[in-house]
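# A look at the structure
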Amino acid sequence: MGDIARQAPEKDTGEDIYQYLLERITNLENRNLELREQFRQMESEKRYVETQKIRYERELRKLKSEIEQLRSPPLVIGTVTDVIDNSRVIVRSSAGPRFLVRTSQLIDPDLLKPGVRCTLNQQSLAIVDVLPTSYDAQIYGMELVESPDENYENIGGLEPQIEEIREAVELPLTKPQLFEKVGISPPKGVLLYGPPGTGKTLLARAVAHQTNAHFLRVVGSELVQKYIGEGARLVRELFDLAKQKAPSIIFIDEIDAIGAHRNDSTTSGDREVQRTLMQLLAEMDGFENRGDVKIVAATNRIDILDRALLRPGRFDRMIEIPLPDHQGRLAILKIHTQHMNISEDVNLSEVSRLTEGKNGADLRAICMEAGMFAIRMERDAVNTDDFMKAIDKLSVDFDRHHFHTTFGEMFA
Ligand SMILES: Nc1ncnc2c1ncn2[C@@H]1O[C@H](COP(=O)(O)OP(=O)(O)OP(=O)(O)O)[C@@H](O)[C@H]1O
């Protein structure tokens, strides 16, 4: 500033005045540049603050609407069972009873069809919204794998069972014409039964891998316990999804949780299980054999299964998956040690002999535990001693677990 405001020189020769004006102009130009720069900076700061303001306003609106949603009463979920006219609909609430309810004019009448899900006002039970069909497998804990990694080589000691499942599931998917030519219907569903941890899931996943099929897994107990009131609908959606993703294999684990035989269904929980089972039977009866959707179910309790499930056209092939014998255990041990660094002194046949009564899952755990013992001892190869310790540890864990479960049941 001082430069610009400098006084004019006292000597007023033309030369001096010229010099003075020249200097002053240069100073003013520099100052002008400085101010322009400052202006540009302030402009950009202003723009930044403005965008921040918009962002905060948007966030505020979002938070406000979230608070509003949290304050609003919950909506009841229902399924449309019948449409009477544009304003009246019969709906079954997820708790069970059916209601004749009104629908808002804001709802597109074309969307209201029997079977669709909707939300209902808690007090008036009027339909507030129609929900999209949710094929979102993950929401319901369904496992959907494009084509699992496991193959038959990963399964130890189940050669006859592999042959059977190949014939019942793989062949109809890969060579349907064989069945057509001979004029027989391939089985729709295969039931794998046997003690836990013997490779039932593994087998189902391997067939899906072999046939390049989608693998959809649901757990029976979860269908009826985790999503109360939704079991039957989930079964329907599971089959819809399987058809949409065909070729696919539906794997229902713990099918006894929905398919156990019962005398009288009196409690609401029992009725829920019954409804889910009915839906499963209806779905199985409803689709044709030659389709590229196959159902594999697994159970540890074949003795309690409802006979209706085992009728022809349903799970008409039953494959027993037993505990592995000596050779089976040896094969499983070989599979689970194939990538391990094992010392030459290890005799897997001896390990198999010492693990009589153990299942495939136990044997896998023994191999892992033996590896852990080697790591703890800072060795890079697993020796016989590690295997012995692993067998001991697992037997103690097993006994402890068994003790707790048995006593837990006694005092329950
Ligand atoms: N026959 C087998 N060959 C190789 N590994 C096996 C075998 N059986 C079990 N396993 C191992 O144990 C794990 C668990 O087995 P899997 O889940 O297939 O048993 P499951 O029979 O379905 O048990 P559950 O009845 O408890 O569901 C498998 O991922 C695999 O690592």
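Residues numbered from 1 in each chain as written. Predicted model: local features only at pLDDT ≥ 70, side-chain atom pairs only at ≥ 80, totals over all residues. Heavy atoms only, no water.

- The protein is annotated in an unreviewed UniProt entry as Proteasome-activating nucleotidase of Methanoculleus methanifontis.
- The Subcellular location (unreviewed entry) comment attached to the protein in UniProt states, word for word, "Cytoplasm".
- You can read under Sequence similarities (unreviewed entry) in the UniProt record for the protein the words "Belongs to the AAA ATPase family." (UniProt positions renumbered as here; feature names shortened; annotations may be inferred.)

### Some remarks on the site of the ligand
- Every one of the 18 residues lining the ligand counts as a neighbour, but Gly-156, Gly-197, Lys-200, Thr-201 and His-336 are closest to it.
- Thr-198 is positioned such that a nitrogen or oxygen atom in its backbone is 3.1 Å from an oxygen atom of the ligand.
- In this structure, an oxygen atom belonging to the ligand sits 3.2 Å away from a side-chain N or O atom of Asn-300.
- Here the ligand has 630 Å² of accessible area as a free molecule, and 82% of this is covered by the chains. (Near = heavy atom within 4 Å. Polar contact = N/O pair within 3.5 Å; in protein donor to acceptor, adjacent residues only side chain to side chain. Areas by Shrake-Rupley, 256 points an atom, 1.4 Å probe, with all protein chains shown as cover.)

### So, the environment of Ile-366
- Mapped onto the elements, Ile-366 comes out in helix H11 (residues 360–376).
- When the C-alpha positions of Ile-366 and Asp-392 are compared, they lie 9.3 Å apart, and in sequence the two are 26 residues distant.
- What Ile-366 contacts, discounting residues up to four positions off in sequence, is Thr-355, Phe-387, Ala-390, Ile-391 and Leu-394. (Helix = DSSP H or I, 4+ residues; strand = E, 2+ residues; numbered from the N terminus. Contact = heavy atoms within 4.5 Å.)

### Side note on the confidence of the model for the protein
- Summary statistics for the protein give a mean pLDDT of 83 and a share of 86% for residues scoring 70 or more.
- The lowest-confidence element of the protein is helix H12 (residues 384–411), averaging 68 in pLDDT; the highest-confidence one is helix H9 (residues 326–337), averaging 96.
- In the model output, the complex is listed with pTM 0.66 alongside ipTM 0.96. (pLDDT = per-residue confidence, 0-100.)

### Some points on the environment of Glu-167
- Tracing the backbone shows Glu-167 in helix H2 (residues 159–174).
- Here Glu-167 falls in the partly exposed class, since its relative accessible area comes to 41%.
- Spatially, the C-alpha atoms of Glu-167 and Pro-187 are 9.4 Å apart, while their sequence positions differ by 20 residues.
- Once residues lying within four places of it in the same chain are set aside, the contact partners of Glu-167 are Pro-172, Phe-179 and Arg-317. (Buried < 20%, exposed > 50% of the residue type's maximum accessible area, 1.4 Å probe, protein only.)

### Brief notes about the sheet that holds strand E1 (residues 76–83)
- On the basis of which strands lie adjacent, the open sheet formed by 5 strands has the order E3-E2-E1-E4-E5 and antiparallel pairing. Since the sheet does not close on itself, it has two edges, and those belong to strand E3 (98–102) and strand E5 (127–130), each with one partner. Strand-to-strand twist in this sheet, taken as the mean axis angle between neighbours without regard to direction, amounts to 45°.
- Of the strand pairs in this sheet, E1 and strand E2 (residues 88–93) are connected by 5 bridges, and their pairing is antiparallel. Among the inter-strand pairings, Asp-82 is bridged to a residue of E2, identified as Ile-90. (Pairing = 2+ DSSP bridges. Axes fitted to C-alpha atoms, helices over the stretch in contact; angles between N-to-C directions.)

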